[in-house]
Amino acid sequence: MPAWTAPRTWVANNTLTAAQLNTDVRDNTLHIYEAFGAWTSFTPTLGGTSAALGNGTLVCHYMQFNKTVHARYILLGGSTTNLSSDRLTLTLPVTARDPGNYRVPVGVGHVFDSGVASYHCIALIDHTTDTANDRIFFAYGGTTVANVTDSTPIAGFAASDTLSATITYEAA
């Protein structure tokens, strides 16, 4: 990665050279781009009472910049995928900072029940029950945290159904 170079201050009648453009524009732009890094694939562990990926597909990527982690999950159900869990979880790519004894929303998700309905959900780190800070849970519908275990949208998960989520959180 090219090092950051403080751009020069331009004044009237300066002659701009290719070398100056390369240093002030190209190299600094590359520095900023590479500082954010590329998306990296990861394979989370699917958890829950009876959750099993089976022949489904799970595609996940994350990017970390300092202590900020962005991740995205896409799960496409197969004929042997079972998500009828009372508390579906997916592990994080990087362990999260300990939020204390709290449930911390970190993103949003979407369950598409092919040909039936769509459900929005909240992805959260629940330190009240998971002190490892290494997974996300999903809360569906309802108006209270008590509904965090509501598995209604997952119960009928089948081939061609999808679960997707995008999250941002602080790494440990």
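Residues numbered from 1 in each chain as written. Predicted model: local features only at pLDDT ≥ 70, side-chain atom pairs only at ≥ 80, totals over all residues. Heavy atoms only, no water.

## A few points about the pattern of salt bridges
Here's step 1: Throughout the structure, instances matching the rule amount to three salt bridges.
Here's step 2: Taking the shortest distance from any N to any O, the salt bridge between Asp-27 and Arg-26 comes out at 2.8 Å.
Here's step 3: For Arg-97, the salt bridge goes to Glu-170, with nearest N and O atoms at 2.8 Å. Placement of Arg-97 in the loop between strand 5 (89–91) and strand 6 (103–113) and of Glu-170 in strand 9 (residues 162–170) is noted, with a sequence separation of 73 residues between them. (Salt bridge = Lys/Arg side-chain N within 4 Å of Asp/Glu carboxyl O. Helix = DSSP H or I, 4+ residues; strand = E, 2+ residues; numbered from the N terminus.)

## Points about the packing of aromatic side chains
Here's step 1: Applying the stated criterion across every chain, the model contains two aromatic pairs.
Here's step 2: Their ring planes at 80° and their centres at 5.6 Å tell us that Phe-42 and Tyr-62 sit as a pair that is edge-to-face. Here the residue Phe-42 occupies a position in the loop between strand 1 (40–41) and strand 2 (46–47), and Tyr-62 occupies one in strand 3 (residues 57–65), the gap between them amounting to 20 residues. Tyr-62 matches Phe-42 in its accessibility class, with the two residues each being buried.
Here's step 3: Look at Phe-42 and Tyr-73: their rings are 5.5 Å apart centre to centre, the planes differ by 85°, and that puts the pair in the edge-to-face class. (Phe/Tyr/Trp six-rings, centres within 6.5 Å; stacked < 30°, edge-to-face > 60°. Buried < 20%, exposed > 50% of the residue type's maximum accessible area, 1.4 Å probe, protein only.)

## Some points on the nonpolar core
Nonpolar side chains in soluble globular proteins tend to end up buried together.
Here's step 1: By size, the foremost hydrophobic cluster in this structure holds 28 residues, and its most contacted members are Tyr-73, Leu-92, Ile-136, Phe-138, Leu-163, Ile-167 and Tyr-169.
Here's step 2: Of all the elements in the fold, those that place two or more residues in this core are strand 3, strand 4 (68–76), strand 6, strand 7 (117–126), strand 8 (135–140) and strand 9.
Here's step 3: Setting aside residues no more than four positions away along its own chain, Ile-167 makes contact with Val-69, His-70, Ala-71, Tyr-73, Leu-92, Val-106, Gly-107, Ala-123 and Ile-136. (Core = buried A, V, L, I, M, F, W, Y, C linked by side-chain atoms within 4.5 Å. Contact = heavy atoms within 4.5 Å.)

## Digging into the side chain of Thr-81
Here's step 1: Relative to the assigned elements, Thr-81 resides in the loop between strand 4 and strand 5.
Here's step 2: Of the residues examined, Thr-81 reaches a relative accessible area of 7% and is grouped as buried.
Here's step 3: In terms of polar contacts, Thr-81 uses its side chain to reach the backbone carbonyl oxygen of Leu-53, at 2.7 Å.
Here's step 4: At a separation of 3.3 Å, a polar atom in the side chain of Thr-81 contacts the main-chain amide nitrogen of Gly-56.
Here's step 5: For Thr-81, the residues in contact, after removing those within four places along its chain, are Ala-52, Leu-53, Asn-55, Gly-56, Leu-75 and Phe-157. (Polar contact = N/O pair within 3.5 Å; in protein donor to acceptor, adjacent residues only side chain to side chain.)

## What to know about the environment of Pro-44
Here's step 1: Tracing the backbone shows Pro-44 in the loop between strand 1 and strand 2.
Here's step 2: Residues Pro-44 and Leu-58 lie 14 residues apart in sequence; the distance between their C-alpha atoms is 8.3 Å.
Here's step 3: Leaving out residues up to four positions away in the same chain, Pro-44 has contacts with Leu-58, Cys-60, Tyr-73, Leu-90 and Thr-91.

## With respect to a nonpolar patch on the surface
Here's step 1: The grouping of Trp-4, Ile-32, Phe-36 and Phe-65 at the surface amounts to a nonpolar patch, some 380 Å² of accessible area in total.
Here's step 2: Residue position: Ile-32 is located in helix 1 (residues 18–36).
Here's step 3: By relative accessible area, Ile-32 is classed as partly exposed at 44%. (Patch = residues over 30% accessible without salt bridge, like charges linked within 9 Å, V, L, I, M, F, W, Y side chains within 5 Å. Areas by Shrake-Rupley, 256 points an atom, 1.4 Å probe, with all protein chains shown as cover.)

## Some points on the confidence of the model for the protein
Here's step 1: Averaged over the protein, the pLDDT score is 80; the fraction of residues at 70 or greater is 83%.
Here's step 2: The spread of mean pLDDT over the elements of the protein runs between helix 2 (residues 152–155), the lowest at 60, and strand 1, the highest at 94.
Here's step 3: Segment residues 142–150 is flagged for pLDDT under 50; beyond a separation of four residues in sequence, or across chains, it makes 12 contacts in the model. (pLDDT = per-residue confidence, 0-100.)

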